[in-house]
Number of protein chains: 2
Amino acid sequence: MTTNHRPGHLNLNAFLMSSGHHEASWRLPQSGPDATGHDIAHLRRLAQIAERGRFDSIFFADGPGLQGDVGRRPSGTLDPLIVLTAIAAATERIGLVATASTTYNSPYNLARRFASIDHVSAGRAGWNVVTTAGPDIARNFGLDAQPAHAERYARAAEFLEVAFKLWDSWEDDAVVADKAAGIWADSAKIHPPEHVGRYFSVAGALNVPRSPQGRPLIVQAGSSQDGKDLAARYAEAVFTAHQTLGDAQEFYRDLKARTVAAGRDADGVRILPGIVPVIGSTEAEARAQERELDELILPQYAQRQLARTLRLAPEDLPLDRELPADLPDEDEIEGAKSRYTLVVRLARRERLTVRELIGRLGGGRGHRTFAGTPEQVADTLQEWYDAGAADGFNIMPAALPSGLEQFTEHVLPVLRERGLFRTEYEGTTLREHYGLARPANRYATAEQVGA
Amino acid sequence: MTTNHRPGHLNLNAFLMSSGHHEASWRLPQSGPDATGHDIAHLRRLAQIAERGRFDSIFFADGPGLQGDVGRRPSGTLDPLIVLTAIAAATERIGLVATASTTYNSPYNLARRFASIDHVSAGRAGWNVVTTAGPDIARNFGLDAQPAHAERYARAAEFLEVAFKLWDSWEDDAVVADKAAGIWADSAKIHPPEHVGRYFSVAGALNVPRSPQGRPLIVQAGSSQDGKDLAARYAEAVFTAHQTLGDAQEFYRDLKARTVAAGRDADGVRILPGIVPVIGSTEAEARAQERELDELILPQYAQRQLARTLRLAPEDLPLDRELPADLPDEDEIEGAKSRYTLVVRLARRERLTVRELIGRLGGGRGHRTFAGTPEQVADTLQEWYDAGAADGFNIMPAALPSGLEQFTEHVLPVLRERGLFRTEYEGTTLREHYGLARPANRYATAEQVGA
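Residues numbered from 1 in each chain as written. Chains lettered and ligands numbered in written order. Predicted model: local features only at pLDDT ≥ 70, side-chain atom pairs only at ≥ 80, totals over all residues. Heavy atoms only, no water.

As recorded in an unreviewed UniProt entry, chain A goes by the name FMN-dependent oxidoreductase, nitrilotriacetate monooxygenase family, listed as coming from Promicromonospora thailandica. The UniProt entry for chain A carries the following text under Sequence similarities (unreviewed entry): "Belongs to the NtaA/SnaA/DszA monooxygenase family." (UniProt positions renumbered as here; feature names shortened; annotations may be inferred.)

So this is what it looks like as structure tokens:
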């Protein structure tokens, strides 16, 4: 199962988030008041740490709404494409990935923004394509309820088709800049999409020339059936959440097979399970850190959060009992389907009480938490990598910046000793970091593509 | 008429655009291939020149579509909010203004982006509110035709009302960050708009805390009746185009009166007519530069552009004759009304042939072109300023970067000698540059506002 891996090319993404992925991280003594999603100096500093570590990319998740219990943890994040742009100016090589919604954007504007970031960053842009779950967000956009899950995914697929047409609408050599003749561009090499589909009609060419990467790296993170199908067709990197090696292997095999079935190369998609590492110089120290964090969780708040995920009332979830036996199937859930299933499976498999489940979720919202020494963290990454469960990992530090600094200073050297991770960037674009080719323009002639 | 002006506070905005405002500027020998709207290094350099000159602000116009004859001059511009963000990282004080459309954006997303830029730039964001004319652009957003002019303006007014609610949705002191109690924000100080209107329903609070300026500076540039009414209600700076002092004085008086009638202070809106300065060390040198540029215009191309503005076929505009006598009234024009009127009035007043009109428009698209020495340029600015036609000016160099460098090095020192322009920035925010107060939050109590 290791044939897909090229030595030295384990891919690492740093998933950045205010004071860290543990919901109580902002309450740690070392967390400053600046550790929020709206302090650009803090976010820039995190990106610079990740770049010093030679991570492939950084990533910001997003939803266009204020969700959850705002009073209880740092909330309110700057528009992530504005954040990526600000970070582009303060970094040189690291890839820049952010979430944007296909449900609450128009293809013309969003395709243009990502093309613009790819230009500004000299080829480092990546887009995590999401359909955005949640009725609260729908109500920020004139809708009474969120569109159905299948509807959102059908729209996402068409959105991507339109965006791809827009990104190809200028051939790479469309600009000729012939001053003497007064011809700036060869208009025969600019191709208006004239797209008319079920969800979108988009007539004109993009008003940005083709970007350094041709188009941004396409990332996907939904693990529902619809999500996996979308990933198989379009995604070049996939962020995913698994609690066990077996689950991750199964997902990996399934998604690679779907990708091949969609007519693509299995290597064309890089699969990165998430991990929340809690690192100590001894295992006991790491566990003590984990405990310190979990003890800062306010159970009533976390209970409300969990109730929201499970579509229950908080009073249906007594803290010291297991989950109710009769929960709905994933099929009945309209939004965040795979997250729902993951939480329910985790609770059932380990027979966790609500209080125990809250502790496990507080650290990584369903992602795998792992507390250990740098060697132990490197061991588990290598185990998953060698066992065909991952092409790399989505690193989600429990506390920021400290957890990212620890990973960079202590875990990365171990991975490098083992020949599993780069010492220096070899390329300059995000696609190059992930070992992916620049896509040819659909309108280019065969000679141009070969050239 | 000079009572509205405070000494030292003539406001200057640098309107930046690829190789310059003259349509043939890209063909000048000194224009490099990088002088486009998609080369961030070029745009950043322009902004840095303007900041060295202590301009109040820079500005990028925009439309979400590829318009005009792409082959004939540099076309395709990066998303201007991405450009502003990149420039924010490379400058310290200068204000950052860009156009965004109320017709082709949703209030939640756009309000968030401007709040984000205001955070990232520490209070330097400004939004030029436009309703976006043109059927070509409508077709990029699923519409067969553009919405009617009055409809677009009604939507714009509601869009602004929603945006203002969103920008006030967090009180300034909403974040308490009380680690011991586990209370990050006082949710009583976060106010979901729950807006339900004719064009928009927006339920939730913004997911960004209130920004340094409270909200971005609101700029407006439409001079139709609807445009002036919108400006009177909301605008804090107005960009406008006039060929004669008399027209500019009339506009100035009218807009200040409308602003007062709307219940606002006349000083609350700063009026900046555009000027395309062509600067030479002698008048003859300036005129020679102007001629050099005009001779680079390709008449057939310009004829097509003019025909588009006038809703005629190119063959209805023979180059060496005046405009046809029977043109439609402004009332019949659905979009870019004030620009239409300006072009027709200019041609009629000066009895210009189509070829002569093309020369005049090639320089500034209807804005006033002025060729002269630095003293002569300073004289005309002072004349308009003293005569109650302007609170400042929108400087639109014919060629970039050269025209901006000349203005900064040669005209600004003359204005400074006369006590008309600042030597150093006094404030740090765009509002401070324009002498405008930070708006109080509508939810703040009286004590807080007074504090």
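Moving on: the relation of the copies chain B and chain A. Each copy of the sequence occupies a distinct position, and chain B is placed on chain A by a rotation of 180° and an axial shift of 0.0 Å, giving an RMSD of 0.0 Å. Between the two chains, the operation in question is that of a two-fold axis. Looking at the interface residues of chain B, 100% of them are also at the interface in chain A, so both copies use one shared face. (Least-squares fit on C-alpha atoms with pLDDT ≥ 70 in both. Contact = heavy atoms within 4.5 Å.)

Turning our eyes to something else, we now look at the interface of chain B and chain A. The interface is formed by 66 residues belonging to chain B together with 66 residues belonging to chain A. Note on chain B versus chain A: buried area summed over both sides is about 5200 Å², and carbon and sulfur give 59% of it. Area buried by chain B at its contact with chain A is led by Ile82(B), Lys179(B) and Trp184(B), which between them contribute 14% of it. If you look at where chain B meets chain A, you find four salt bridges. The partner of Glu194(B) in a salt bridge is Arg139(A), and the shortest N-O contact between them spans 3.1 Å. For the pair chain B and chain A, the number of links is 40 residue pairs in polar contact (both at pLDDT 80 or more). Elements with a contribution of two residues or more to the side of chain B that touches chain A: helix H2 (80-88), helix H3 (107-120), strand S5 (175-178), strand S6 (183-185) and strand S8 (201-202) of chain B. The element that contributes the greatest number of residues to the side of chain B that touches chain A is H3(B), accounting for eight residues. (Buried area = accessible area lost by both parts, 1.4 Å probe. Salt bridge = Lys/Arg side-chain N within 4 Å of Asp/Glu carboxyl O. Polar contact = N/O pair within 3.5 Å; in protein donor to acceptor, adjacent residues only side chain to side chain. Helix = DSSP H or I, 4+ residues; strand = E, 2+ residues; numbered from the N terminus.)

A word on the pairing of strand S2 (residues 57-60) of chain B. All names here are of chain B. Side chains Ser57 and Phe59 of S2 all project onto a buried face; the interleaved residues Ile58 and Phe60 project onto the opposite face, where all are buried too. A crossover links strand S1 (residues 11-15) with its parallel partner S2, the connecting element being helix H1 (residues 40-52), and its sense is right-handed. In this structure, S2 lies alongside strand S3 (residues 95-101), joined through four bridges in parallel fashion. Within S3, the residue paired with Ile58 across the bridge is Leu96. For the crossover from S2 across H2 to S3, the handedness is right-handed. (Buried < 20%, exposed > 50% of the residue type's maximum accessible area, 1.4 Å probe, protein only. Right-handed = clockwise from strand over helix to strand, strands pointing away. Pairing = 2+ DSSP bridges.)

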